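Listed below, chain by chain, are the residues.
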Amino acid sequence: DYICVVYQTVSNFGNPCHPELLKTLESLIERGIIDELYNYSPKQFSTLERKKLISVTSEEIDSNIETVGEQFFNELTKREIGRKLCAKNNCTHFISMDTDEFYLASELANIKRIIEENDFWACACRMRTFFKSAIYELLPVDNINAVPIIYKILEDHEFKLACWFPIMVDPTRRIENIPQNKFIMFDRSTIEMYHMSFVRRNIETKLKNVSNKFNYANVDQFLIQFENWQPETGKIIHPHPVIGQLFSSIQIVENWFKIDLNAQCHYCNKWCETVGCSRCIKAFYCSKKCQLNDWSQHK
């Protein structure tokens, strides 16, 4: 397997990355967890460039392509860079995934076998959504949205914005020219994606940089609610007015991926024994030095 990370030091909205991002990525390279890094700088796209990136089959984007946010073209471009890097390294298939997406290894191995044996070109699955902790799952499960998993690498089959796809998925994650008979939608008993979108120490950073951030309502109020939220209340909060309506309850589940935000230093991201901030008891550090370095942000 070949693993590449296409990363940014500046977000699509001009915000800087975490000061320890590069050190973390370099550590992953040294440990042999990833093979290659690609530093992507977000850009502004001309009308001609936009036309080349939007699928001619799109029914979701009207003729006024200038109204489409730059962030969507940047996200699409990053995914295509990743696909081409995989092709360059002699991969036959690839997965384009974000860092808050998880799969059970046994389920992923099983669908790889199914795809190879049946020569499917693309596949997708449903997802499970987690909130604030890897043990808090939002219910009922979302049976509207899906996520592509494995694509076969083929010539002239590139990522195109909002191209036709057999099922509803993110418009930046679609490969063009996938025939219906070469696509498989896996049911939940075969594989699910575990989406840790709201399982992070700094939820504000996500909300300021996510591609669809302009769809979020009352972000400042949500941040206060998120900070104080406890599962015992039974109340579901979500900044997206549509997605938030999908869920009505919480269930406590097994921590399948052993995600413990408190076991990682809030500043340097090192996994180790940590000590919590005595004021908030929510931020954890590996040393006094890291706590002091983070104070300007944490306060």
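Before any of the text, the structure's been laid out above.
Values in this document were obtained by computation on a predicted structure and should not be read as measured data.

Draft legend 1. Main features of the packing of aromatic side chains. In the structure shown here, the tally under the stated rule is 17 aromatic pairs. A ring pair is formed by Phe131 and Trp229, whose centres lie 5.0 Å apart and whose planes are at 80 degrees; its orientation type is edge-to-face. On the criterion of sequence distance, the pair formed by Phe131 in strand S5 (residues 122–131) and Trp229 in the loop between helix H6 (219–228) and strand S10 (249–252) is long-range, its members being 98 residues apart. Trp229 matches Phe131 in its accessibility class, with the two residues each being buried. Here Tyr151 and Phe165 contribute two aromatic rings whose centre-to-centre distance is 6.3 Å and whose plane-to-plane angle is 75 degrees, an arrangement assigned as edge-to-face. Here Tyr151 is found in strand S7 (residues 142–152), whereas its partner Phe165 is found in the loop between S7 and strand S8 (183–185), with 14 residues between them in sequence. By way of ring pairs, the aromatic residues Phe131, Tyr136, Phe198, Phe222, Phe226 and Trp229 are connected into one cluster. Above the face of the Phe45 ring, Lys43 is positioned so that its terminal group lies 4.8 Å from the ring centre.

Draft legend 2. Here's a closer look at the pattern of salt bridges. Within the structure shown, the criterion is met by 18 salt bridges. We note a salt bridge from Lys23 to Glu20, for which the minimum N-O separation is 3.2 Å. A relative accessible area of 53% places Lys23 in the exposed class. Taking the shortest distance from any N to any O, the salt bridge between Lys208 and Glu204 comes out at 3.1 Å. With Lys208 and Glu204 both in helix H5 (residues 203–209) and four residues apart, this pair spans about one turn of that helix. Residue classification places Lys208 among the partly exposed residues on the basis of a relative accessible area of 42%.

Draft legend 3. View of the environment of Leu21. Topologically, Leu21 is positioned in helix H1 (residues 21–30). Not counting residues up to four positions away in its chain, the partners in contact with Leu21 are Tyr7 and Gln8.

Draft legend 4. Structural context of the environment of Asp220. Along the chain, the position of Asp220 falls in helix H6. C-alpha separation for the pair Asp220 and Leu207, spaced 13 residues apart in sequence, amounts to 10.0 Å.

Draft legend 5. Representation of H6. Residues of H6 that are buried: Phe222, Leu223 and Phe226. Buried residues along H6 cover an arc of 105 degrees about the axis, so they all sit on one side. Relative to its buried face, H6 has exposed residues pointing more than 90 degrees away, namely Asp220, Ile224 and Asn228. Buried residues belonging to H6 abut S5, strand S9 (193–198) and H5.

So, how was this worked out
- Residues numbered from 1 in each chain as written.
- Predicted model: local features only at pLDDT ≥ 70, side-chain atom pairs only at ≥ 80, totals over all residues.
- Heavy atoms only, no water.
- Phe/Tyr/Trp six-rings, centres within 6.5 Å; stacked < 30°, edge-to-face > 60°.
- Helix = DSSP H or I, 4+ residues; strand = E, 2+ residues; numbered from the N terminus.
- Buried < 20%, exposed > 50% of the residue type's maximum accessible area, 1.4 Å probe, protein only.
- Lys NZ or Arg CZ within 6 Å of the ring centre and 35° of its normal.
- Salt bridge = Lys/Arg side-chain N within 4 Å of Asp/Glu carboxyl O.
- Contact = heavy atoms within 4.5 Å.
- Arc of directions from axis to C-beta.

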